[in-house]
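Summary of the model geometry
What follows is the residue order along each chain.
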Amino acid sequence: MIQAVESSAHASAPVLAAYSYCETVTGQQARNFAYGIRLLPAPKRRAMSALYAFSRRVDDIGDGELAADVKVARLEEARATLARIHEGAVEEDDTDPVAVALAHAARRFPIPLGGLDELIDGVQMDLRGESYETWDDLKVYCRCVAGAIGRLSLGVFGTEPGARGAERAPEYADTLGLALQLTNILRDVREDAGNGRTYLPADDLAKFGCSAGFSGPKPPEGSDFAGLVHFEVRRARALFAEGYRLLPMLDRRSGACVAAMAGIYRRLLDRIERDPEAVLRGRVSLPGREKAYVAVRGLSGLDTRHVTRRAVRRRA
């Protein structure tokens, strides 16, 4: 069982200012994520913002315009910051607000900070220009950049006392991260190609005649691009179904947060499935009103109840 171990002490003014900075970063740069975490109580929302702000810093290093050697150095600086947090060496008056907020969050909740080292490992894979022959190969990368975020988030959420099967909660959180990341890969397939990155497994690309890549708004000549997308959508849906088994293990508001974030990506997956070539024409997204509906649905507990009913039927 994983439980949040919140301190009753109030955060100091410098810590609150650091959290405020992280919440601003989250609100401006992570709209899907922000829709979910707004459903959390303030301490958990702040901790999640600190996790996001650090993760965003790492992602921005990988995606930025810096020279490769500078990116490597910046990633090592990020590792050094994590080491300082591990060692309890970040003071409240530190000049890095993300480090201050993350250090406070790690004292307040049982966050497995090693997951952020995994994220850095994943970004280093991008810098090396790695590609992936099989789904098993791609899963290693997805676990670094997304599965780890699921496990980190679970450290903030905690599991409900007495929740059935709670020992598997980290596994389900990891799987849900994989589902979100595969959806991201499908959504960003052309943008990634423009940046010289190919994430979809080479085996799958070859199977559907797409090995030439995605350099324009049309699929490769003679390919079955729709078949490729539908194949990956089915894989993502299976990951969502497995990962959703986490929901009944969480308290109501944490479950609502997870259901809202995952629900937004599941609806993106629906749109991609209906019009596969849309991902080659531009970025597929949901309007704000649809995101709000998903958040309300998550807060109502509909998804959690659905998963619980399914589990009961399996045991019957």
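Residues numbered from 1 in each chain as written. Predicted model: local features only at pLDDT ≥ 70, side-chain atom pairs only at ≥ 80, totals over all residues. Heavy atoms only, no water.

A short note on the overall build of the chain
- Within the chain, the regular secondary structure consists of 15 helices and 0 strands.
- A compact globule built from 316 residues would reach a C-alpha radius of gyration of about 20 Å, and the chain, at 20 Å, matches this within 12%.
- Taken over the C-alpha atoms alone, the chain extends approximately 65 × 55 × 35 Å along its principal axes.
- When burial is assessed residue by residue, the chain has 50% of its 316 residues classed as buried.
- Of all intrachain contacts in the chain linking residues separated by at least 6 positions in sequence, the fraction that spans at least 24 positions is 74%. (Helix = DSSP H or I, 4+ residues; strand = E, 2+ residues; numbered from the N terminus. Rg over C-alpha atoms; globule rule 2.2 N^0.38 Å. Buried < 20%, exposed > 50% of the residue type's maximum accessible area, 1.4 Å probe, protein only. Contact = heavy atoms within 4.5 Å.)

A look at the side chain of Ser254
- The residue Ser254 is located in helix 12 (residues 252–274) in this model.
- Overall, Ser254 belongs to the buried group, its relative accessible area being 0%.
- With residues near it in sequence (within four places) discarded, Ser254 still touches Leu40, Lys44 and Phe157.

Remarks on the environment of Arg190
- Checked against the element boundaries, Arg190 lands in helix 9 (residues 189–194).
- If we ignore the near neighbours within four places in the chain, the residues touching Arg190 are Phe214, Ser215, Gly216, Pro217, Val279, Leu280 and Arg281.
- Of note is the side chain of Arg190, whose polar atom sits 2.8 Å from the backbone oxygen of Leu280. (Polar contact = N/O pair within 3.5 Å; in protein donor to acceptor, adjacent residues only side chain to side chain.)

As for the packing of helix 8 (residues 169–187) against helix 12
- At a minimum axis distance of 10 Å, the contact between helix 8 and helix 12 shows a crossing angle of 35°. The hand of the helix 8/helix 12 crossing is left-handed. When helix 8 is examined against helix 12, the residues Leu176, Leu180, Thr183, Asn184, Leu186 and Arg187 are found in contact with a partner set consisting of Val258, Ala262, Tyr265, Leu268, Leu269 and Ile272.
- Split by residue class, the contact of helix 8 with helix 12 holds 9 nonpolar, 2 polar and 1 charged. (Axes fitted to C-alpha atoms, helices over the stretch in contact; angles between N-to-C directions. Left-handed = near helix turned anticlockwise from the far one by under 90°. Nonpolar A, V, L, I, M, F, W, Y, C, P; charged D, E, K, R; others polar.)

Let's talk about the nonpolar core
- Counting residues in hydrophobic clusters, the biggest one holds 99 residues, and the most contacted among them are Leu102 and Leu116.
- A per-element tally of this core places helix 7 (residues 135–157) first, with 11 residues.
- Setting aside residues no more than four positions away along its own chain, Leu102 makes contact with Ala50, Leu51, Phe54, Leu82, Ile85, Leu113 and Leu116. (Core = buried A, V, L, I, M, F, W, Y, C linked by side-chain atoms within 4.5 Å.)

What to know about the confidence of the model for the chain
- Model confidence for the chain is summarised by a mean pLDDT of 90, while 91% of its residues fall at 70 or above.
- Between the elements of the chain, mean pLDDT differs from a low of 51, seen in helix 15 (residues 302–315), to a high of 98, seen in helix 10 (residues 202–207).
- Between residues 1–9, whose pLDDT stays under 50, and residues either more than four places distant or in other chains, the model counts 27 contacts. (pLDDT = per-residue confidence, 0-100.)

Side note on the pattern of salt bridges
- Scanning all chains against the criterion turns up 27 salt bridges.
- Arg84 serves as the salt-bridge partner of Asp94, at 2.4 Å between the closest nitrogen and oxygen. One end of the pair, Asp94, is in the loop between helix 4 (68–86) and helix 5 (97–108); the other, Arg84, is in helix 4, and 10 residues separate them in sequence.
- The partly exposed category is assigned to Asp94, whose relative accessible area is 22%.
- Among the salt bridges present, the one from Asp136 reaches Lys139, with a minimum N-O distance of 3.4 Å. Of the two residues, Asp136 and Lys139 are both situated in helix 7; the distance of 3 residues between them amounts to about one turn of the helix.
- Several salt bridges share partner residues, and in doing so they unite Glu76, Arg79, Asp117 and Asp121 into one network. (Salt bridge = Lys/Arg side-chain N within 4 Å of Asp/Glu carboxyl O.)

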